[in-house]
Amino acid sequence: MNLGAFSISLAVKDLATSRAFYERLGFTVTGGDGEKYLMMINGTTIIGLFQGLFERNILTFNPGLAQDTARVQDFTDVRDIRASLVADGIEMATDTDPDGTGPASIVLVDPDGNPILVDQFFPRPEGGRE
């Protein structure tokens, strides 16, 4: 199972203040709407800054995205990841349509209460499962 690029999604109080702080650490903006969220990168380290969109920090994986943020053509679809996790007895806190084909996401929670988001931006890869 390939979960894709890893990032930490941070719940921030003030997006502009957080952006300025992380820019001083060498991060640059790579995406986002600039009002509620920003995606930032430093080398292969990715962080998301999210103001008012969720209460806790979230571990995030993006199938179809490499750690350098390049799109990957051959990847494990989020619905296949979901099927594997459910078969192993892991419950979904937020689920997706297992028969869908477009972008989708799931959320599971680790034993310590940390939410894990698997967020796929792209349609199911050609040929299905990896």
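Every value quoted in this text rests on a predicted model; they were computed, and no experiment measured them.

It is worth spelling out the layout of surface pockets at this point. Size it by volume and the largest pocket reaches roughly 370 Å³. For the largest pocket, the lining is made up of 18 residues, of which Met39, Phe50, Asn62, Asp119 and Phe121 are closest to its centre. Looking at side-chain class alone, the lining of the largest pocket contains nine nonpolar, eight polar and one charged residues.

If you check which residues of helix α1 (residues 15-24) are buried, you get Leu15, Ser18 and Tyr22. The arc that holds the buried residues of α1, viewed along the axis, is 65°, so those residues lie on one side. Seen from the buried face of α1, the exposed residues on the opposite side, beyond 90 degrees, are Ala16, Thr17 and Arg24. Along its buried surface, α1 packs onto β1 (5-12), β3 (37-42) and β4 (45-51). The backbone nitrogen of Ala16 lies 3.2 Å from a side-chain oxygen of the residue at the head of α1, namely Asp14. Gly26 occupies a position one or two residues after α1 and carries a positive phi of about 100°.

Parameters and conventions
- Residues numbered from 1 in each chain as written.
- Predicted model: local features only at pLDDT ≥ 70, side-chain atom pairs only at ≥ 80, totals over all residues.
- Heavy atoms only, no water.
- 1 Å grid on protein atoms, 1.4 Å probe; cavity = no way out; pocket = protein on both sides within 12 Å on 5 of 7 lines; lining within 4 Å.
- Points joined across faces, edges and corners; volume = space filled by probe spheres on them.
- Nonpolar A, V, L, I, M, F, W, Y, C, P; charged D, E, K, R; others polar.
- Buried < 20%, exposed > 50% of the residue type's maximum accessible area, 1.4 Å probe, protein only.
- Helix = DSSP H or I, 4+ residues; strand = E, 2+ residues; numbered from the N terminus.
- Arc of directions from axis to C-beta.
- Contact = heavy atoms within 4.5 Å.
- Polar contact = N/O pair within 3.5 Å; in protein donor to acceptor, adjacent residues only side chain to side chain.

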